[in-house]
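Structure assessment
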There are 2 protein chains.
Amino acid sequence: MSTTTNTVVLFKEDPGRGWVEEKHMEVTKQDFNADAVELKEGEVLLKIKYLSLDPYMRGRMQTKAKSYSAPFEIGKPLQAGGIGEVYRVGKGTTLKTGDLVLGFVEWAQWFVAAEKGLKKLEIFDGVPISYNLGVLGMPGITAYGGLMKIGEPKEGETVYVSGAAGAVGLLVGQLARLRGCRVVGSAGTDDKVKVLLEEAGYDAAFNYKTVKSLDAAFKEHCPKGIDIYFDNVGGEMLDVALTHMNVHSRIPVCGAISQYNASEQYGVKNLMQTVIKRIKIQGFLSTDLYGDQELVKNFTKDVVALVKEGKIVYKEHIVEGIENAPSAFVGLLKGANTGKQIIKVA
Amino acid sequence: MSTTTNTVVLFKEDPGRGWVEEKHMEVTKQDFNADAVELKEGEVLLKIKYLSLDPYMRGRMQTKAKSYSAPFEIGKPLQAGGIGEVYRVGKGTTLKTGDLVLGFVEWAQWFVAAEKGLKKLEIFDGVPISYNLGVLGMPGITAYGGLMKIGEPKEGETVYVSGAAGAVGLLVGQLARLRGCRVVGSAGTDDKVKVLLEEAGYDAAFNYKTVKSLDAAFKEHCPKGIDIYFDNVGGEMLDVALTHMNVHSRIPVCGAISQYNASEQYGVKNLMQTVIKRIKIQGFLSTDLYGDQELVKNFTKDVVALVKEGKIVYKEHIVEGIENAPSAFVGLLKGANTGKQIIKVA
Ligand SMILES: NC(=O)c1ccc[n+]([C@@H]2O[C@H](COP(=O)([O-])OP(=O)(O)OC[C@H]3O[C@@H](n4cnc5c(N)ncnc54)[C@H](OP(=O)(O)O)[C@@H]3O)[C@@H](O)[C@H]2O)c1
Ligand SMILES: NC(=O)c1ccc[n+]([C@@H]2O[C@H](COP(=O)([O-])OP(=O)(O)OC[C@H]3O[C@@H](n4cnc5c(N)ncnc54)[C@H](OP(=O)(O)O)[C@@H]3O)[C@@H](O)[C@H]2O)c1
């Protein structure tokens with residue numbers, strides 16, 4: 001096979017504060033010959049199969065703000081975690097044509113990668129390989145690490161998860177439930193709430209967009225207060241949740257997606273609750289969790305096994321075609337996805 | 001001796017949100033005969049010598065809000081930690097006339113207390129007994145516990161303390177310095193800043209009311225960022241400090257005095273920094289710390305010894321006369337005190 005084009009999505013314009021739109025990204029077709037493209041020593045050519053779209057990318061589109069990952073460069077391809085199939089290999093590589101690998105790639109159909117940044121996938125019967133971008137991958141370890149290391153769930157505790165029907169949230173609730181906690185989740189559509197209750201084993205769930213008030217929702221669904229609030233959304237949800245936290249409760253702060261496209265950041269007023277209730281609020285990053293060998297070992301033992309045995313339910317929101325990645329990314333930030341947002345490239 | 005009156009300060013009116021004023025308290029003179037007042041079994045009559053005024057009392061004046069200590073009752077005496085001399089004892093007590101004790105008393109000259117709630121004071125040469133309400137007492141263990149257990153200072157780290165010239169803050173900075181940290185403090189007058197720099201050994205200090213901006217002050221005084229922010233004040237200070245925190249930094253939240261009299265609570269906008277920098281924000285209460293025997297043991301070993309040896313400098317702001325307690329309390333909340341606010345009753 002030899003192709004003549006590579007569809008690549010470029011970062012076109014900094015959306016600044018406010019909503020990211022499709023116009024901030026550009027789908028381009030670049031001349032490309034898979035059989036002829038030059039590979040340096042240690043490089044391999046990947047035919048990309050799946051891309052992971054993640055909320056943190058919104059932060060990388062803010063070229064003027066300092067965040068934990070470098071901003072995308074205007075005019076350059078957007079980047080993402082992805083799964084590729086090795087199509088050709090350069091000198092001094094150990095991977096072989098046909099190997100499936102996980103790595104950091106571009107929003108594109110083809111990508112030349114340094115072999116040393118890639119991880120060869122283990123294939124498990126009945127487990128979709130795209131799960132390596134979700135429950136078995138970065139969102140998975142995020143859910144596991146945030147809940148276990150910071151949340152430290154104990155039997156009988158109430159665990160509340162916002163963004164519960166998303167890539168991270170879906171897993172958090174199930175893990176907490178397996179630890180004997182009562183699990184409550186919120187999401188932005190009634191369909192998602194149904195998934196939480198009927199598929200993901202949440203004990204209670206509500207649609208945060210249609211409840212009378214967040215305060216009333218907590219009173220109803222967390223009558224004994226909250227021991228762990230796994231926070232995916234920040235903003236007003238965090239503010240109100242603070243007033244329902246129990247003594248010595250924990251808030252692993254995973255993200256604040258409600259603020260990523262907000263032209264003005266919401267101001268959280270109830271932080272004095274941290275003293276009154278001796279609450280721990282702690283942020284964390286998956287990159288740190290990957291550095292914790294003990295945790296990674298436990299994650300593999302616990303979660304990978306549970307998924308292989310079908311004891312954890314997982315969902316993917318798969319959009320086909322790299323050219324649809326920009327709209328899917330905007331959709332992810334607006335709540336179009338249930339479970340992990342994936343682009344099926346090939 | 002027999003007296004005919006007991007001056008007692010009553011809680012007169014709930015100040016609600018907004019500033020507490022002297023009119024919310026009432027100084028009364030009650031008929032009282034120290035030699036005749038009835039003592040039940042296990043009770044002793046205390047002649048109060050010192051009272052501790054503390055910011056948390058403002059919370060107890062909010063009769064409608066839930067806090068960690070019960071609200072004061074309208075028309076009843078205000079309460080406080082205090083030091084008293086045993087004047088008379090009831091049946092079945094082990095204390096003796098003349099013993100000095102620490103306990104929970106009223107804003108008054110005389111108080112009948114249950115012996116079992118009292119602690120007999122150890123007297124150290126050259127150490128004022130009122131220190132038992134400050135550096136050797138509740139503010140002391142608060143400073144020590146918050147810094148050590150939550151802050152976990154490491155040599156070479158930058159520790160920033162707000163409310164640094166107060167009862168808690170004065171000690172935090174000195175303890176952090178003894179652990180090899182670089183210590184930066186802020187306070188609300190130039191005189192307090194001078195005390196921090198010239199007496200309490202702070203490496204840098206600023207007057208938060210007169211700096212060009214808090215952001216500029218942090219840039220100047222914490223050029224390497226902040227590893228531990230010991231937060232006494234909350235509000236805008238916390239918000240701006242969040243943007244100067246280092247990776248894996250810690251914020252022991254001791255209190256939020258800037259908000260205690262605010263008619264509207266300040267909204268903190270920079271909480272996404274907790275994720276970006278993996279910050280831990282954790283509230284704590286002295287009551288919990290007293291329950292940690294290991295900590296109390298270490299506190300006694302470290303701090304009491306350092307104070308006895310004169311290696312820790314401490315300050316008291318002593319106001320004479322129980323009738324001046326209401327104005328002193330308002331003053332405490334407005335920053336009139338340097339070091340521990342004490343009322344010398346007798
Ligand atoms: N710390 C880390 O290392 C790390 C790693 C991965 C993810 N994260 C963070 O974790 C969070 C979830 O990530 P994810 O990958 O699992 O994404 P996700 O939940 O699969 O997708 C994002 C979801 O956020 C919800 N959302 C959007 N706007 C919202 C708003 N204003 N208020 C409340 N919810 C809103 C939407 O669902 P609804 O229909 O419910 O609104 C949307 O489906 C994000 O904040 C992300 O940045 C952090
Ligand atoms: N968690 C616990 O168990 C515990 C125990 C004790 C104390 N605390 C808390 O720790 C903090 C300090 O207590 P403390 O006993 O040491 O009191 P303190 O610092 O001796 O006295 C209060 C000081 O707060 C400062 N202040 C007042 N309004 C302020 C504002 N708007 N912004 C910034 N600073 C302001 C004033 O000094 P300036 O001149 O600097 O403004 C005042 O002197 C308080 O928040 C208190 O509630 C907590």
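Positions within a chain are numbered from 1, following the residues in the order the chain's sequence is written. Starting at A for chains and at 1 for ligands, labels are handed out in the order in which the entities are written. Owing to the predicted nature of the model, reporting of local features is limited to residues with pLDDT of at least 70; listing and counting of side-chain atom pairs is limited to 80 or more, with chain, interface and lining totals taken over all residues. By convention in this description, side-chain values take in all heavy atoms of the structure and omit both hydrogens and water.

1. Observations regarding the nonpolar core
Counting 87 residues, the largest nonpolar core has Trp107, Phe218, Tyr229 and Phe329 of chain A together with Phe218 and Tyr229 of chain B as its most contacted members. Sort the elements by how many residues they give to this core and helix 10 (residues 325-334) of chain A lands first, with six residues. Among buried residues, the Ala, Val, Leu, Ile, Met, Phe, Trp, Tyr and Cys ones that are joined through side-chain atoms within 4.5 Å form a nonpolar core. Each residue gets one of three labels from its accessible area relative to the maximum for its type: buried under 20%, exposed over 50%, partly exposed in between, using a 1.4 Å probe on protein chains only. By definition, any uninterrupted DSSP run of H or I lasting at least four residues is a helix, any uninterrupted run of E lasting at least two residues is a strand, and each is numbered from the N terminus.

2. Section: the domain arrangement of chain A
All names here are of chain A. Throughout, the edges of the domains are those of an automatic or database domain assignment. Splitting chain A by domain gives domain 1 (5-134 + 315-344) and domain 2 (138-288). Look at where the C-alpha atoms of domain 1 and domain 2 centre, and you get two points 29 Å apart. Each partner contributes to the interface: domain 1 provides 21 residues, whereas domain 2 provides 18 residues. Here the quantity called buried area is the total loss of accessible area, with a 1.4 Å probe, experienced by two parts when brought into contact, counted for both. Carbon and sulfur atoms make up 57% of the surface buried where domain 1 meets domain 2, a total of about 1,500 Å² over both sides. Whenever a carboxyl oxygen of Asp or Glu lies within 4 Å of a side-chain nitrogen of Lys or Arg, that contact is scored as a salt bridge. In this assembly, domain 1 and domain 2 are joined by one salt bridge. Between Glu199 and Lys315 there is a salt bridge, with the nearest N and O atoms lying 2.9 Å from each other. Within 3.5 Å is the distance limit for a polar contact, defined as a pair of N or O atoms, with the added protein rule that one can donate a hydrogen and the other accept it, and that residues adjacent in sequence qualify only through two side-chain atoms. Taken together, domain 1 and domain 2 are joined by seven residue pairs in polar contact (both at pLDDT 80 or more). Sorting the residues of the side of domain 1 that touches domain 2 by element identifies helix 1 (56-60) and helix 10 as the ones contributing at least two each. Following the grouping adopted for this structure description, the nonpolar residues are Ala, Val, Leu, Ile, Met, Phe, Trp, Tyr, Cys and Pro, the charged ones are Asp, Glu, Lys and Arg, and the polar ones are all others, Gly among them. Classifying every residue of the side of domain 1 that touches domain 2 gives seven nonpolar, eight polar and six charged. Whether two residues are in contact is decided by their heavy atoms, any of which lying within 4.5 Å being enough.

3. Focus: the sheet that holds strand 13 (residues 280-283) of chain A
Note on pairing: DSSP must find at least two bridges between two strands before they are called paired. Strand order in the open sheet made by the 12 strands is 10(A)-9(A)-8(A)-11(A)-12(A)-13(A)-13(B)-12(B)-11(B)-8(B)-9(B)-10(B), with mixed pairing throughout. Lying at the two open borders of the sheet, with one neighbouring strand each, are strand 10 (204-207) of chain A together with strand 10 (204-207) of chain B. Between one strand and the next, the sheet's axes are offset by a mean angle of 15 degrees, whatever the strand orientation. Across the sheet, helix 2 (residues 138-151) of chain A touches strand 8 (158-161), strand 11 (226-230), strand 12 (245-253) and strand 13 of chain A, and the angle it forms with strand 11 of chain A is around 145 degrees. Strand contacts of helix 2 (residues 138-151) of chain B: strand 8 (158-161), strand 11 (226-230), strand 12 (245-253) and strand 13 (280-283) of chain B, with the helix running at about 145 degrees to strand 11 of chain B, the strand carrying the most contacts. Axis angles are defined between N-to-C directions and span 0 to 180 degrees, where every axis is a line fitted to C-alpha atoms and, for a helix, only to the segment in contact.

4. Structural notes on the packing of aromatic side chains
Aromatic ring pairs are described here by two measures, namely the spacing of the ring centres and the angle between the planes. Residue and element names in this part refer to chain B. Pairing of aromatic side chains here covers Phe, Tyr and the six-membered ring of Trp, requires ring centres within 6.5 Å, and sorts the geometry by plane angle: under 30 degrees stacked, over 60 edge-to-face, intermediate tilted. In this structure the tally under the stated criterion is 22 aromatic pairs over all chains. When the ring of Tyr160 is compared with that of Phe206, the centres are 6.0 Å apart and the planes differ by 5 degrees; the resulting orientation is stacked. Taken as a pair, Tyr160 in strand 8 and Phe206 in strand 10 lie far apart in primary sequence, 46 residues in all. What makes Phe206 buried here is its relative accessible area of 3%. Both rings, one in Tyr160 and one in Phe218, keep their centres 5.0 Å apart while their planes meet at 90 degrees; by these two values the pair is edge-to-face. Of the two residues, Tyr160 is situated in strand 8 and Phe218 in helix 5 (residues 214-221); the sequence distance between them amounts to 58 residues.

5. Concerning the site of ligand 1
Around ligand 1, 27 residues are found, and the nearest of them are Lys192, Tyr208, Tyr260, Ser286 and Asn337 of chain A. Here a residue counts as near a molecule or strand whenever at least one of its heavy atoms sits within 4 Å of it. What surrounds ligand 1 is not a single chain but chains A and B. Asn232 of chain A places a main-chain nitrogen or oxygen 2.8 Å from an oxygen atom of ligand 1. A distance of 2.8 Å separates a nitrogen atom of ligand 1 from a polar atom in the backbone of Phe284 of chain A. Relative to its unbound accessible area of 900 Å², ligand 1 is 92% covered by the protein chains. Elements represented by at least two residues in the shell around ligand 1 include exactly helix 2 and helix 10 of chain A. Method for areas: the Shrake-Rupley scheme with a 1.4 Å probe, in which residue coverage is limited to the protein chains shown.

6. Considering the interface of chain B and chain A
Each side of the interface is counted separately: chain B has 30 residues, and chain A has 30 residues. Carbon and sulfur atoms supply 61% of the area buried between chain B and chain A, which totals about 2,400 Å² over both sides. Sorting the residues of chain B by area buried against chain A places Lys269, Val275 and Arg278 of chain B first, and these three jointly supply 22% of that buried surface. Our count for the chain B to chain A interface comes out at four salt bridges. Between Lys269 of chain A and Glu264 of chain B there is a salt bridge; the shortest N-O distance is 2.8 Å. Counting across the interface, chain B meets chain A through 10 residue pairs in polar contact (both at pLDDT 80 or more). Residue assignment for the side of chain B that touches chain A shows that the elements contributing at least two residues are strand 12, helix 7 (273-276) and strand 13 of chain B. Sorting elements by how many residues they give to the side of chain B that touches chain A places strand 13 of chain B first, with four residues.

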